[in-house]
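Chain residues, written in single-letter form:
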Amino acid sequence: GNSVTQMEGPVTLSEEAFLTINCTYTATGYPSLFWYVQYPGEGLQLLLKATKADDKGSNKGFEATYRKETTSFHLEKGSVQVSDSAVYFCASSGGYQKVTFGTGTKLQVIP
Amino acid sequence: DGGITQSPKYLFRKEGQNVTLSCEQNLNHDAMYWYRQDPGQGLRLIYYSQIVNDFQKGDIAEGYSVSREKKESFPLTVTSAQKNPTAFYLCASRPGQGADNEQFFGPGTRLTVL
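A short tour of the structure in this document, coming up. This is a predicted model, so every value here is computed, not measured.

Cut-offs applied
- Residues numbered from 1 in each chain as written.
- Chains lettered and ligands numbered in written order.
- Predicted model: local features only at pLDDT ≥ 70, side-chain atom pairs only at ≥ 80, totals over all residues.
- Heavy atoms only, no water.
- Contact = heavy atoms within 4.5 Å.
- Buried area = accessible area lost by both parts, 1.4 Å probe.
- Salt bridge = Lys/Arg side-chain N within 4 Å of Asp/Glu carboxyl O.
- Disulfide = S-S within 2.5 Å.
- Helix = DSSP H or I, 4+ residues; strand = E, 2+ residues; numbered from the N terminus.
- Buried < 20%, exposed > 50% of the residue type's maximum accessible area, 1.4 Å probe, protein only.
- Pairing = 2+ DSSP bridges.
- Axes fitted to C-alpha atoms, helices over the stretch in contact; angles between N-to-C directions.

## Concerning the interface of chain A and chain B
The interface of chain A with chain B comprises 22 residues on the first partner and 25 residues on the second. Together chain A and chain B conceal approximately 1,800 Å² of surface at their shared face, both sides included; 52% is due to carbon and sulfur atoms. Taken together, the connections running from chain A to chain B amount to 1 salt bridge. With its nearest N and O atoms 2.9 Å apart, the salt bridge here joins Lys49 of chain A to Glu102 of chain B.

## Some remarks on the state of the cysteines
All names here are of chain A. Scanning the entire structure with this criterion turns up 2 disulfides over all chains. One disulfide bridge connects Cys23 with Cys90, the sulfur atoms lying 1.9 Å from each other. Across the S-S bond of Cys23 and Cys90 the torsion is about -70 degrees, and the bridge reads as left-handed. Of this pair, Cys23 sits in strand β4 (residues 23-26) while Cys90 sits in strand β10 (residues 86-93), and the two are 67 residues apart along the sequence. Residue Cys23 shares its accessibility class with Cys90, and that shared class is buried.

## Notes on the sheet that holds strand β1 (residues 4-7) of chain B
All names here are of chain B. With respect to topology, 4 strands assemble into an open sheet ordered β1-β3-β8-β7, the strand pairing being antiparallel. On the outer flanks of this sheet lie β1 and β7 (64-66), each paired with one strand and no other. Neighbour to neighbour, the strand axes of the sheet diverge by 20 degrees on average, direction disregarded.

Below, the structure is given as structure tokens:
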């Protein structure tokens, strides 16, 4: 079956530091890939997505590129802010309405 | 405003009681989902429904039941057979059949069984 593996947290960074959260997937065929963000006590919100190889999703300074050759979709941001502190989930979807999530990576940004 | 609502936000129940969590969406989405979230474990799929009057078990369906009598509503019942029901429950919806469609999540219900 499909699976998503993302780096374990928590990740602690100082404000304005560079962020990378790794995500790799296994799937039959070519799934669509997503990053969701969850703030404390809330549901998940879509951060960005990519639907085919070499696509780059971007939003709010975050970006991730769909790499078929390495089956990866790493999340990056050039300069994090305290307000970026949250849990980030990588997910893949191969259709048939089922979505596979990673275990989430908690990010803490300190001033 | 379109969106997904879950109620209540916090729910307390005594052990051995069934409890039903509400999920409503006005996005006109065909598919709806229930997930359970435990600390450090990510999201685990309980049930999902692609159309009205149809639903499928997810990875951890034991001790849970659902219904989908209306497109807008997908309530989840946590039964007394669920051995460890205390968790954060998330409902989501998604339009159509395309793999590139994202899910929209409700704010969640935190269930505590005393």
